[in-house]
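What the coordinates show
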Amino acid sequence: MRKNLALIGMAGVGKSTTGKSLAEQLGYDCIECDSLMTIEAQKRGVNKFLLSDADFIALEGDVICSLANAERTVIDTGGSAVYSADAMRLLKTIATTVYLKDSIEDIKQRFIARGQPHVVGIGARTFEELFLERNCLYEQYADIVVDISTHPALAHTVQEIVDALGQN
Ligand SMILES: Nc1ncnc2c1ncn2[C@@H]1O[C@H](COP(=O)(O)OP(=O)(O)OP(=O)(O)O)[C@@H](O)[C@H]1O
Ligand SMILES: O=C(O)C1=C[C@@H](O)[C@@H](O)[C@H](O)C1
Ligand SMILES: [Mg+2]
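- The protein chain goes by Shikimate kinase in an unreviewed UniProt entry, where it is assigned to Capsulimonas corticalis.
- Under Subcellular location (unreviewed entry), UniProt gives the following word-for-word description of the protein chain: "Cytoplasm".

Next up, the structure:
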């Protein structure tokens, strides 16, 4: 097992919720990339939610690449991290990547429940189109895929990831 874990997956799938619990169970630190991005954007004098998609992805790439020395850390990435080739190259080097996957229906429900939060790349596309594009990227970059659609309970998800890591 590499010395860190990186959670990747669609906005709202539960990366931050799972990441905190997983880190606690493993005795790892947990870094939420979205929070680091907010801090970095403030340093640069910008509001990250007002950035273009390209600038948002560049910021996300910079933040993730700043984690090169992380150890024993769960890296909770933003859903759009897969659009940054630099970020994914770094993560594949320093971490075991875990794709937290759920059904399109469940993700869409949670997306609507949260009031349709900021999501990169939605543009003129439908949620379904974005989901399918993202799903290919998440699968491409994943060392481990954990599908939570049949067992969505947090404790079950965390245990499934721990078990999969043991076999990886
Ligand atoms: N397994 C689950 N079942 C039901 N609801 C969940 C589950 N995991 C997380 N949630 C809820 O879904 C919402 C989004 O979860 P969370 O913030 O962990 O997702 P995320 O993947 O980190 O999203 P983002 O990419 O936007 O940061 C939260 O309100 C959380 O309580
Ligand atoms: O999936 C996405 O496009 C995003 C997910 C969030 O984690 C944030 O990083 C941001 O709102 C973009
Ligand atoms: Mg999150």
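Having seen it, we continue.
**With respect to the site of ligand 2**
- In the neighbourhood of ligand 2, the contacting residues comprise Ala11, Asp34, Phe56, Gly78, Gly79, Ser80, His118, Val119, Val120 and Arg134.
- Separating an oxygen atom of ligand 2 from a backbone N or O atom of Gly79 is a distance of 3.4 Å.
- At a separation of 2.8 Å, an oxygen atom of ligand 2 approaches a polar backbone atom of His118.
- When ligand 2 sits alone it has 310 Å² of accessible area, and the protein chains cover 91% of it.

**Considerations on the site of ligand 1**
- Inspection of the region around ligand 1 gives 13 residues, with Gly12, Lys15, Ser16, Thr17 and Pro152 positioned closest.
- The side chain of Asp34 places a nitrogen or oxygen atom 3.3 Å from an oxygen atom of ligand 1.
- In the model, an oxygen atom of ligand 1 is placed 3.0 Å from a nitrogen or oxygen of the Arg114 side chain.
- Computed on the free molecule, ligand 1 has an accessible area of 630 Å², of which 68% lies beneath the protein chains in the complex.
- The dominant element in the shell around ligand 1, judged by the number of residues it contributes, is helix H1 (residues 15-26), at three residues.

**Here we look at the packing of aromatic side chains**
- Evaluated as defined, the whole model comprises three aromatic pairs.
- With a centroid separation of 5.0 Å and an interplanar angle of 35°, the aromatic rings of Tyr99 and Tyr138 are classed as tilted. With Tyr99 in strand E4 (residues 96-101) and Tyr138 in helix H6 (residues 127-141), this residue pair connects regions lying 39 residues apart in the sequence.
- The class of Tyr99 is buried, set by a relative accessible area of 2%.

**Describing the pattern of salt bridges**
- A complete count under the given rule lists nine salt bridges for this structure.
- In this structure, Lys92 and Asp143 form a salt bridge, with 2.8 Å as the shortest nitrogen-oxygen distance. With a gap of 51 residues between them, Lys92 in helix H4 (residues 85-94) and Asp143 in the loop between H6 and strand E5 (144-147) connect regions that are remote in the sequence.
- The exposure class of Asp143 is partly exposed, given its relative accessible area of 25%.
- When the shortest N-O distance is used, the salt bridge between Glu133 and Arg125 registers 2.6 Å.
- A relative accessible area of 30% means that Glu133 is categorised as partly exposed.
- Connected through salt bridges with shared partners, the residues Glu40, Lys43, Arg44 and Asp62 form a single ionic network.

The rules we used
- Residues numbered from 1 in each chain as written.
- Chains lettered and ligands numbered in written order.
- Predicted model: local features only at pLDDT ≥ 70, side-chain atom pairs only at ≥ 80, totals over all residues.
- Heavy atoms only, no water.
- UniProt positions renumbered as here; feature names shortened; annotations may be inferred.
- Near = heavy atom within 4 Å.
- Polar contact = N/O pair within 3.5 Å; in protein donor to acceptor, adjacent residues only side chain to side chain.
- Areas by Shrake-Rupley, 256 points an atom, 1.4 Å probe, with all protein chains shown as cover.
- Helix = DSSP H or I, 4+ residues; strand = E, 2+ residues; numbered from the N terminus.
- Phe/Tyr/Trp six-rings, centres within 6.5 Å; stacked < 30°, edge-to-face > 60°.
- Buried < 20%, exposed > 50% of the residue type's maximum accessible area, 1.4 Å probe, protein only.
- Salt bridge = Lys/Arg side-chain N within 4 Å of Asp/Glu carboxyl O.

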